[in-house]
Amino acid sequence: MKIIEHADHTEKLYGLRAEDIHKWIDGFFDAQSFSQFLRAGQTPDYDPYEHRKYRHCVEALEEAYQEFQGKYTRQQIKDVVECHIRDDYDGYLPSRTDFTNGTFKEKYHESDDHARSDAILSEMELSDYFKGKFYAHKSKQNRKKVSTFYWRIVLPTLVALALFVTSIFTIEIPVFRHNMMDREKEMIKELTQAAASIVERYIAQEKAGTLTRQEAQAQAIEQISQMRYGNEMKDYYWITDMHPRMVMHPYLPELTGKDLSNYKESKDRSGKKLFVEFVNMAKKDGYGYLEYNWQWKDDSTQVVPKLSYVRHIDDWDWIIGTGVYIHDVDEQISHLKNNLLWVFLSISLGLFGVMLYVILQSQKIEDNRLKAEAGLLEAKERYRALVEASNEGYILMVAGQNVYSNHTIQRMTGYSDQELAAPEVWKQLLPVNDLNRNGISQIDSLIGDTQAAAEFEAQLQTKSGVLLDVVMTASRIFFSQKNGHVISIRKISNKNIGLEAESYQQIRSYKELPAAILMEIQASDSVGRVVHTLNRLPLLVREMTVHCARVDAIRDAVGNIFDATMLRLMEMTLEEVGPAPVSFAFLTLGSNARHEMTMFSDQDNALIFADVPSDDIDNIRRYFLKLADGICDKLDKAGYPFCPGGVMAVNPRWCLTISEWKKRFTSQTISGSAEAILDINTFFDIQCAYGDQALVDQLQSHMIEITRENPEFFLHFARNCLSYQVPIGLFGQIRSEKQDGVRTMNLKDSIVMIVNFARIYALKNGLTIPATLARLDTLRQKGVLQEQTVNELTFAFDYLWYLRFYNQIVCHAELKRVNDELALTQLSEPQQQCLREVLDNISVLQNKLSYDFLGIANS
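Nothing here was measured: the structure is a model prediction, and the numbers come from that model.

Definitions and limits used
- Residues numbered from 1 in each chain as written.
- Predicted model: local features only at pLDDT ≥ 70, side-chain atom pairs only at ≥ 80, totals over all residues.
- Heavy atoms only, no water.
- Helix = DSSP H or I, 4+ residues; strand = E, 2+ residues; numbered from the N terminus.
- Buried < 20%, exposed > 50% of the residue type's maximum accessible area, 1.4 Å probe, protein only.
- Contact = heavy atoms within 4.5 Å.
- Areas by Shrake-Rupley, 256 points an atom, 1.4 Å probe, with all protein chains shown as cover.
- Pairing = 2+ DSSP bridges.
- Axes fitted to C-alpha atoms, helices over the stretch in contact; angles between N-to-C directions.
- Phe/Tyr/Trp six-rings, centres within 6.5 Å; stacked < 30°, edge-to-face > 60°.
- Lys NZ or Arg CZ within 6 Å of the ring centre and 35° of its normal.
- Parallel < 35°, antiparallel > 145°, perpendicular 65-115°, else oblique.
- Left-handed = near helix turned anticlockwise from the far one by under 90°.
- Nonpolar A, V, L, I, M, F, W, Y, C, P; charged D, E, K, R; others polar.
- Core = buried A, V, L, I, M, F, W, Y, C linked by side-chain atoms within 4.5 Å.
- pLDDT = per-residue confidence, 0-100.
- Salt bridge = Lys/Arg side-chain N within 4 Å of Asp/Glu carboxyl O.
- Polar contact = N/O pair within 3.5 Å; in protein donor to acceptor, adjacent residues only side chain to side chain.
- 1 Å grid on protein atoms, 1.4 Å probe; cavity = no way out; pocket = protein on both sides within 12 Å on 5 of 7 lines; lining within 4 Å.
- Points joined across faces, edges and corners; volume = space filled by probe spheres on them.
- Patch = residues over 30% accessible without salt bridge, like charges linked within 9 Å, V, L, I, M, F, W, Y side chains within 5 Å.

Explanation requested: the overall build of the chain in the structure shown.
Each helix and strand counted, the chain has 31 helices and 17 strands in total. By residue count, 47% of the 859 residues in the chain fall in the buried class. Excluding contacts between residues fewer than 6 apart, the proportion of contacts in the chain whose partners are at least 24 apart in sequence is 64%. Of the roughly 42100 Å² that the chain leaves accessible, carbon and sulfur atoms contribute 52%.

Can you help me understand the sheet that holds strand S17 (residues 821-823) in this one?
Two modes of strand pairing occur in sheets, parallel and antiparallel, and in both the strands are linked by backbone hydrogen bonds. Spatially, three strands are ordered S15-S16-S17 in an open sheet, and the strand pairing comes out antiparallel. Every other strand in the sheet has two partners, leaving strand S15 (737-739) and S17 as the edge strands with one partner each. Taking each pair of neighbouring strands and ignoring which way they run, the sheet shows an average axis angle of 50°. Pairing geometry for strand S16 (residues 742-746) and S17, over three bridges, is antiparallel. The residue bridging Asn746 from the neighbouring strand is Glu821, located in S17. In the packing of helix H28 (residues 747-764) onto the sheet, the strands contacted are S16 and S17, and the crossing angle to S16 comes to about 25°.

Any chance you could explain the packing of aromatic side chains here in plain terms?
Any two aromatic rings considered together are summarised by their centre-to-centre distance and by the angle between their planes. Applying the stated criterion across every chain, the model contains 31 aromatic pairs. With 5.6 Å between their ring centres and 40° between their planes, Trp238 and Phe278 make a pair best called tilted. Linking Trp238 in strand S1 (residues 237-241) with Phe278 in helix H11 (residues 274-284), this pair joins segments that are 40 residues apart in sequence. Counting every residue linked through ring pairs, the aromatic cluster contains Trp238, Tyr263, Phe275, Phe278, Tyr292 and Trp294. Its guanidinium or amino end placed over the ring of Tyr202, Arg201 lies 5.0 Å from that ring's centre, counting from NZ or CZ.

It is not clear to me how the packing of helix H2 (residues 19-26) against helix H6 (residues 74-88) should be interpreted in this structure. Could you clarify?
Helices that pack against each other are described as a pair by the angle of their axes relative to one another and the distance between those axes. In contact at an axis separation of 10 Å, H2 and H6 are set at 50° when each is read in the N-to-C sense. Considering the angle they form, H2 stands oblique to H6. Like other packed secondary-structure pairs, H2 and H6 cross with a definite hand, here right-handed. Contacts between H2 and H6 involve Ile21, His22, Ile25 and Asp26 on the former and, on the latter, Ile77, Val80, Val81, His84 and Asp88. Broken down by class, the residue content of the contact of H2 with H6 amounts to five nonpolar, two polar and two charged.

Would you mind showing me how to read the nonpolar core here?
Nonpolar side chains in soluble globular proteins tend to be buried together. Among the nonpolar cores identified, the biggest contains 117 residues, and Leu607, Phe624, Tyr640, Phe683, Ile760, Leu835 and Ile842 are the most heavily contacted of them. For this core, the element with the highest residue contribution is helix H21 (residues 551-577), accounting for 12 residues. Leaving out residues up to four positions away in the same chain, Ile760 has contacts with Phe714, Phe717, Ala718, Cys721, Leu849 and Phe853.

For this particular structure, what's the right way to read the sheet that holds strand S2 (residues 246-248)?
A sheet is described by the order of its strands in space; here five strands give the open sequence S2-S1-S5-S4-S3, paired in antiparallel fashion. Looking at the sheet topology across the chains shown, the edges are occupied by S2 and strand S3 (287-296). Neighbour to neighbour, the strand axes of the sheet diverge by 35° on average, direction disregarded. Note that S3 and strand S4 (residues 299-313) share 10 bridges and pair antiparallel. Pairing of Tyr287 across the sheet is with Arg311, part of S4. Helix-sheet contacts for H11 involve S1, S2, S3, S4 and strand S5 (318-325), and the interaxial angle to S3 is about 165°.

How should the pairing of S4 be read in this particular structure?
In terms of strand pairing, S4 meets S5 through eight bridges, oriented antiparallel. Bridge pairing links Ser308 to Gly323 in S5. Joining the antiparallel neighbours S4 and S5 is a turn of four residues, in which Asp317 adopts a positive phi near 55°.

Any chance you could explain the confidence of the model for the chain here in plain terms?
The predicted model of the chain has a mean per-residue pLDDT of 81, with 83% of residues at 70 or higher. Contacts for the low-pLDDT stretch residues 109-121, under 50 throughout, to residues beyond four places or in other chains number 25 contacts. Low confidence marks residues 133-140, where pLDDT is under 50. Its contacts with residues over four positions away, or in another chain, come to 33 contacts.

Can you help me understand the side chain of Arg555 in this one?
Position of Arg555 relative to the elements: it lies in helix H21. Residue Arg555 is classed as buried on the basis of its relative accessible area, which comes to 5%. Apart from the residues within four sequence positions on either side, Arg555 is in contact with His595, Glu596, Leu773, Phe797, Asp798, Trp801 and Phe805.

Help me understand the pairing of strand S7 (residues 401-405) in this model?
Most of S7 is tucked away, with four of its five residues classed as buried. Two elements, strand S6 (residues 393-398) and S7, share four bridges in a ladder whose sense is antiparallel. Bridge pairing in S7 places Ile395 opposite Ser405. The turn joining S6 and S7, which pair antiparallel and follow one another in sequence, is formed by two residues; a positive phi near 55° is taken by Ala399.

Explain the packing of helix H24 (residues 658-671) against helix H26 (residues 693-709) to me, please; I cannot follow it from the model alone.
Two numbers describe how H24 lies on H26: the axes approach to 10 Å, and their chain directions differ by 20°. The angle between H24 and H26 places the two elements in the roughly parallel class. Relative to H26, the crossing made by H24 is right-handed. Residues Ile658, Trp661, Lys662, Phe665, Thr666 and Thr669 of H24 touch H26, and the partners they reach there are Leu695, Gln698, Leu699, His702, Met703, Ile706 and Thr707. Residue composition of the contact of H24 with H26, grouped by class: seven nonpolar, five polar and one charged.

Looking at this model, I keep getting lost on the pattern of salt bridges. Mind explaining?
Pairs may arise between side chains of opposite charge once their charged atoms sit close together. On inspection of all chains with the given rule, the structure shows 27 salt bridges. Of the charged contacts, one joins Glu419 and Lys463 as a salt bridge, the two residues approaching to 2.7 Å between their closest N and O atoms. Of this pair, Glu419 sits in helix H14 (residues 417-420) while Lys463 sits in the loop between strand S8 (454-461) and strand S9 (467-479), and the two are 44 residues apart along the sequence. We classify Glu419 as partly exposed; its relative accessible area is 29%.

Just to check I follow, could you spell out the environment of Lys634 for this structure?
For Lys634, the location among the structural elements is in helix H23 (residues 617-637). Linking Lys634 and Val527, residues 107 residues apart in sequence, is a C-alpha distance of 6.8 Å. Apart from the residues within four sequence positions on either side, Lys634 is in contact with Val527, Leu569, Met572, Thr573 and Glu576. Here Glu576 takes part through its side chain, which lies 3.0 Å from a polar atom of the side chain of Lys634.

Sorry if this is basic, but what is going on with the environment of Ala628 here?
One can find Ala628 in helix H23. Linking Ala628 and Asn605, residues 23 residues apart in sequence, is a C-alpha distance of 9.2 Å. The contacts of Ala628, once residues within four sequence positions are left out, are Ala649 and Val650.

Hey, could you run me through empty space enclosed by the protein in this one?
Empty space among the atoms can be located by rolling a probe the size of a water molecule over them. Summed over the entire model, instances satisfying the criterion amount to four cavities of 30 Å³ or more. Of the volumes computed, that of the largest cavity is approximately 60 Å³. Lining the largest cavity are Tyr236, Trp238, His249, Leu274, Phe275, Phe278, Tyr292, Trp294 and Lys306. Those elements that place two or more of their residues in the lining of the largest cavity are H11 and S3. Ranked by residue count, the leading element in the lining of the largest cavity is H11, at three residues. For the lining of the largest cavity, the per-class residue count stands at seven nonpolar, one polar and one charged.

Teacher, can you tell me more about a nonpolar patch on the surface here?
On the surface, Leu155, Val159 and Leu163 cluster together to form a nonpolar patch covering roughly 270 Å² of accessible area. Mapped onto the elements of the fold, Leu163 is located in helix H9 (residues 138-208). With relative accessibility at 57%, the residue Leu163 sits in the exposed group.

See below:
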């Protein structure tokens, strides 16, 4: 929809156009519209809808509140933003994560120009169909088809009716009027002939000597002056001579005997000397017609157009004439038009009734067809959702070819859907060994369609070379007039994530694995190669966790791999967009900067660039937004998802000049609001991943200075830190929540309390080190914290991180959704006791923080 259409809709619903909010939602890039930005130089792989995940989602509300605070109420902003987004997504209000969902992007954003065929689908077409590529924008297509169907019926009928009516009023009625005027002319000519016959009779009596000329003329005048005709018997004759002088006029007797040579009717628009014109016609032809304006019959106050016919009487040199009022003709035409309009209205109503009936019947047929299509589509979507959500891997084989694989099997094996569709993939998945001898035979039978169903155990080899024990089940299906099979693959796993089947040499190999991964990332020549290398990261963390590697070593391995990935992807993106126009620094924030990431952490980043003249800032910012969009998109593809809160350099709020950053930090420090504290929490943990370190140092120095100048900031900061509650009950038990019937606690919330503790003390003491344990150790060296306190916090921090890694590895191995909810039933009693002691220590540090910054000792 266009901006004006969005504004019209919100004005209708809420009485508020708010075009500035609509432009803000759609015009993600500041200086110009997004379409103009794309024309400035897009790359071949650029997705023109990528910007929508930042503003076309429910998470954008918080940013909208900040952007339009003071101009609109929060409720008005919420109404406008949600209405705009729902209009674009058929009533649905997407979240930012929806934009990483392939089905969602197919439905709303991908092109629907794929070729379609009513014939039986080929394997390639079938694969595309099953992946959902043939029904993009289906609902919109159907609406367009229905609209086109109606107009094919209605439009020709309306055009035909319009042409018919136009021809009647522009051709037929003018012709009819012309004919009527001809009849009127003929009538007044005959009437004048009748009056002339009376005069000629008296001329004959004069010639016979019966009457003198004077007597004959007097009797002729008397008789003609009494003659009337017409509907009201008010139409008359008049007589003039050739001078001209008025001989007789029944309604204007005062003109009798007067010279009419210069007589001009004052109300005659043409200014004609009427009676002179009559004389001229009599001299020339002896008769004639003339149109002019004259009084309406015997009403001298009303002047109307009139058509008259005159005839010359040679013997007496008289001109006798009569006429009709054109007004009478126009009234008859008007009456005819009214009658025709009623006829046309009746015909139109009849046609409308017929068309309405045809449309309703057609709509019923079309609705039934659309319902059938929608039913098929819904069934297909349900099946796809079921398959995609399943913890089992699925491969759809049709006519011996793999046409579809779900995300679970792709994640399990490390192969992409294109790789799993290759004919030789089974040779890679099922290596030749004793355990796979039966499985290979079964797969060959399924490919050759000589077996209907099968169930067998096998050893599946992943792309990274790891062997997985699985159970494979094949079921016969009949799809698109072809035989096929659905092959489900279920991993045989146990809660123990140890590597009993691996040799000692394989167990030791993890020590060399981080360096190998780093080298491969640095040597990668494409994003795909980086992603392929990062697929080994879960295996690395799994091995290090199982064999009790130091937790800080695991964190460093994950963090160093992220840094190497970030650096290589930045180099690739700079090659695509060209060199930067001014110096800049690309920052990693939060856990990325602290090297406190899991293998499933999302991305948090920002960008600083040097101050530039105000005339250039829009163009330069546009360059850096394009650079940021490229790097953020590549990080997402590499397994570091977009930040749900939009804390990314591709968001204009996080892509600012050094002066803008200083101004923003100063404002937030003085404000002390919850939103400001949240931003500071994120932004105080920064690391320069690429670019000019001097810009970062300059900003960090400014942050330290501003916080020292505003000591009340630490009151707000401390209250925010203390808003996290340690999950320990009154009697020392671990507080938990039930999820799916299992008692769980959130590990991340407990870790955050230690992170916040280290952060506030570091900020108070002017430290810019991002890592939590490094901050604690530096604070110990400075004498701010006692050695025992730091040791206890270090143990608590590492123990919680060990549980976090362990929990995520178990979820990943069992193909469950990975999160930070730890099932307490997984822990032994000694482990739970250790966890309680760790949480008790966190309670102590919360008390210290409260006392040091708020002067309050919590009991």
